[in-house]
Amino acid sequence: MALCVAVVSKENAPKYVASLNPADELQIQYEIHSSIDFVEEKLKTGKKDMRELYLGQLYSTEDHKVYGYVTNTKVKFFVVIDSSNLLLRDNEIRFMFRKLHTAYTELMCNPFYIPGDYITSENFDKVARGILTGNS
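Residues numbered from 1 in each chain as written. Predicted model: local features only at pLDDT ≥ 70, side-chain atom pairs only at ≥ 80, totals over all residues. Heavy atoms only, no water.

The next thing to look at is the overall build of the protein chain. Scanning the protein chain for helices and strands turns up three helices and five strands. The C-alpha atoms of the protein chain give a radius of gyration of 14 Å, which matches the 14 Å a tight globule of 136 residues would have. Summarising its shape, the C-alpha atoms of the protein chain cover approximately 40 × 35 × 25 Å along the three principal directions. Classification of the 136 residues of the protein chain by burial places 42% in the buried group. Relative to all contacts within the protein chain whose residues are 6 or more apart in sequence, the contacts with residues 24 or more apart total 53%. (Helix = DSSP H or I, 4+ residues; strand = E, 2+ residues; numbered from the N terminus. Rg over C-alpha atoms; globule rule 2.2 N^0.38 Å. Buried < 20%, exposed > 50% of the residue type's maximum accessible area, 1.4 Å probe, protein only. Contact = heavy atoms within 4.5 Å.)

Turning to the sheet that holds strand β3 (residues 54-60), a few remarks are in order. An order of β2-β1-β5-β4-β3 is seen for the five strands of this open sheet, with the pairing classed as antiparallel. Each edge of the open sheet carries a strand with a single partner, namely β2 (14-19) and β3. Pairs of neighbouring strands in the sheet enclose a mean axial angle of 15 degrees, with direction left out of account. Judged from the seven bridges that link them, strand β4 (residues 64-70) and strand β5 (residues 76-82) form a sheet pairing that is antiparallel. The residue of β5 that forms the bridge with Lys65 is Ile81. Here helix α2 (residues 90-109) sits on the sheet in contact with β1 (4-8), β3, β4 and β5, set at roughly 140 degrees to β5. (Pairing = 2+ DSSP bridges. Axes fitted to C-alpha atoms, helices over the stretch in contact; angles between N-to-C directions.)

For the rest of this paragraph, the subject is helix α3 (residues 122-133). Taking 1.5 Å per residue as the helical rise, α3 with its twelve residues ought to reach 16 Å, and the 16 Å between its terminal C-alpha atoms agrees with that figure. The residue sitting at the N-terminus of α3 and contributing the capping side-chain oxygen is Ser121; that oxygen lies 3.3 Å from the backbone nitrogen of Asn123. Gly134, located one to two residues past α3, shows a positive phi value of around 85 degrees. (Expected span 1.5 Å × (residues − 1). Polar contact = N/O pair within 3.5 Å; in protein donor to acceptor, adjacent residues only side chain to side chain.)

As a further point, take a negative patch on the surface. Together, Asp24, Glu62, Asp63 and Asp82 make up a negatively charged patch on the protein surface. Looking at the element boundaries, Asp82 is found in strand β5. For Asp82, a relative accessible area of 31% translates into the label partly exposed. (Patch = residues over 30% accessible without salt bridge, like charges linked within 9 Å, V, L, I, M, F, W, Y side chains within 5 Å. Areas by Shrake-Rupley, 256 points an atom, 1.4 Å probe, with all protein chains shown as cover. Salt bridge = Lys/Arg side-chain N within 4 Å of Asp/Glu carboxyl O. Lys, Arg positive; Asp, Glu negative; His and termini not counted. Charge placed at Lys NZ, Arg CZ, Asp CG, Glu CD.)

The next point concerns the pattern of salt bridges. Counted under the stated rule, the structure contains three salt bridges. One salt bridge in this structure joins Arg94 and Asp90, with 3.7 Å as the shortest N-O distance. Placement of both Arg94 and Asp90 in helix α2 is noted, with a separation of four residues, approximately one turn of the helix. Its relative accessible area of 37% is what places Asp90 among the partly exposed residues. Across the pair Arg129 and Asp125 runs a salt bridge, and its minimum N-O distance is 3.4 Å. Residue Arg129 and its partner Asp125 are both found in helix α3; the two are separated by four residues, about one turn of the helix. By relative accessible area, Arg129 is classed as partly exposed at 37%. Judged by its relative accessible area of 27%, Asp125 is partly exposed.

In structure tokens:
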């Protein structure tokens, strides 16, 4: 179960944000925005093998952990997890990102979606909400 799911374009503009608790949404968006710097740094220096799209844990506070994933087109996915959740393993987080990437790919294949617009797809939202509630 995640607290927030976000999609950020290659120009670092948010394209989709969904969270469980609207009261924490501003703080979580700040943490996601801070994590973009870590993604950019990993893409510039450490990541020579771009076949591995999963970036792992990017940012951590005492309340949240932010994980990242970047596509070949430099679109970034973020999942925010509660820091007290010790049951969630790395494989499960990778699976969340694979589901998001698949839903995003299906969205891009839709001839009525204009690339670069804010994501309003019901199917994509359903997948993201499934990740948030743990019903994926």
